[in-house]
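Spelled out from the first residue to the last, the chains are:
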Amino acid sequence: MVPVSFDLFSDASTSLVKQYLSAELFNQLKDKVTATGFTLEKALQSGIINPDSAIGIYAGDAQSYQCFSSIFIPIILHYHGVNLGKKHSTDIHLVDFQPPDPEGKYIRSSRVRVARNISGFSFSNHIALAERYRLEKQVVSVLSALGGDLKGSYCPFEHCESSQFKLLKQQQLTFEKGDRFQDAAGINADFPKGRGIFYSDDRRLRVWLNEEDHLRIISQETSADLAGLFNHLTKAILELEKKLPFVRDERFGYLSSCPTNIGTSMRAGVHIQLEKLGQRKELLSSITKGHDLQIRGTQGEKTRVENNVFDISNSRRLGISEVDIITGLNEGLKALIDAEEKL
Ligand code: DAR
């Protein structure tokens, strides 16, 4: 661990935590410790080691958001652009709207995911190995009881045949060791121990266990049937919520290790090929921004766009409901497809 003192960020650092962590705030927080032993020093590791971090801080448990609230709140206000006086409301129910690209002319795949953490356990960047095994056992017993079209199987990485792991990777069902930001935060500790992937028999539902958060519950398919995908995920979330106590805060919604993923913790997006709009970046950007959508590279966060295939997803997660996210994405995609066809 990199020892911290006030002048802890390099001049090259562009992170929000550097912007908001004043000397007095640092001195006020540096000796605080949460019940699980999480400290400011641990929270800042990734942002110190990676000056190009956008945020630069992770929570190690639910209590971090209270214990270090004087640094988390300004970052949350800046990133999510919300008024914290309002409670975050959850609205997650079945929806019914037409797909934005019924013939699949543009949309190559659709994906909706939520992050969830289980009460009583440290987050992925701070959890001890024994605790991670206990968490894995508790969650897998609930996943294994899923029935109907959610029924599936769990593959623990450390006992997964390399041939099976290769197959899961080919089917893009699994996840790899975390990137350098996650690594510096502690998310890769003891990898791959206590990690694994659950997938339903029809492969539409996947649950990553102990990646950046305890659970990443994902519904994914190659069609553009956003409503069907969202409804499938909603069923899974509501089923799991009956037996797993998800960490949720009145103001911040569902809590996650990275403050960018709180609130709904939902990212709903598509891979969409826009040959013409791809040559009109300012038009593409104005339409996405106008619909609260963000553009990522083809392989996701911090990657580049290949062959005009854009990863387009919701930019808001907090102060908006799950249903508003998916209907907003649908409206935004219709506007993009309309613009593409007009060019
Ligand atoms: N790389 C970290 C986190 C950014 C948000 N993405 C997540 N959580 N995967 C940063 O501070 O840039």
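Overview of the structure.

Rules used in this analysis
- Residues numbered from 1 in each chain as written.
- Predicted model: local features only at pLDDT ≥ 70, side-chain atom pairs only at ≥ 80, totals over all residues.
- Heavy atoms only, no water.
- Helix = DSSP H or I, 4+ residues; strand = E, 2+ residues; numbered from the N terminus.
- Pairing = 2+ DSSP bridges.
- Axes fitted to C-alpha atoms, helices over the stretch in contact; angles between N-to-C directions.
- Contact = heavy atoms within 4.5 Å.
- Near = heavy atom within 4 Å.
- Polar contact = N/O pair within 3.5 Å; in protein donor to acceptor, adjacent residues only side chain to side chain.
- Areas by Shrake-Rupley, 256 points an atom, 1.4 Å probe, with all protein chains shown as cover.
- Nonpolar A, V, L, I, M, F, W, Y, C, P; charged D, E, K, R; others polar.
- Phe/Tyr/Trp six-rings, centres within 6.5 Å; stacked < 30°, edge-to-face > 60°.
- Buried < 20%, exposed > 50% of the residue type's maximum accessible area, 1.4 Å probe, protein only.
- Lys NZ or Arg CZ within 6 Å of the ring centre and 35° of its normal.

Moving on: the environment of Ile 237. When you line up the elements, Ile 237 lands in helix α9 (residues 226-241). Residues Ile 237 and Ile 92, 145 residues apart in the sequence, show an inter-C-alpha distance of 9.2 Å.

As a further point, take the sheet that holds strand β2 (residues 152-156). With antiparallel pairing, the eight strands of this open sheet are ordered in space as β2-β3-β4-β5-β1-β8-β10-β9. This sheet does not close on itself; its edge strands, each paired only once, are β2 and β9 (293-296). Averaged over all neighbouring strand pairs, the angle between strand axes comes to 20 degrees, with direction disregarded. In the packing of helix α6 (residues 129-143) onto the sheet, contacts are made with β2, β3 (196-200), β4 (205-209) and β5 (215-221), and the angle to β4 comes to roughly 170 degrees.

The next subject is the site of the ligand. For the ligand, the full set of nearby residues is Ser 53, Ala 54, Ile 55, Gly 56, Tyr 58, Phe 181, Glu 212, Cys 258, Thr 260, Asn 261, Glu 301 and Lys 302. Contact distances for the ligand include 2.7 Å between an oxygen atom and a backbone N or O atom of Ala 54. Taking Gly 56, its main chain carries an N or O atom lying 2.9 Å from an oxygen atom of the ligand. Relative to its unbound accessible surface of 340 Å², the ligand loses 90% to contact with the protein. Partitioned by chemical class, the residues of the shell around the ligand number five nonpolar, four polar and three charged.

Tallied over the entire structure, the rule returns seven aromatic pairs. Between Phe 157 and Phe 165, the ring centres sit 5.1 Å apart and the planes meet at 90 degrees, which makes this aromatic pair edge-to-face. Classification of Phe 157 by relative accessible area gives buried; the value is 8%. The side chain of Arg 111 reaches across the aromatic face of Trp 208, ending 5.5 Å from its centre. Here Arg 116 stacks its cationic end above the ring of Tyr 254, 3.5 Å away from the centre of that ring.

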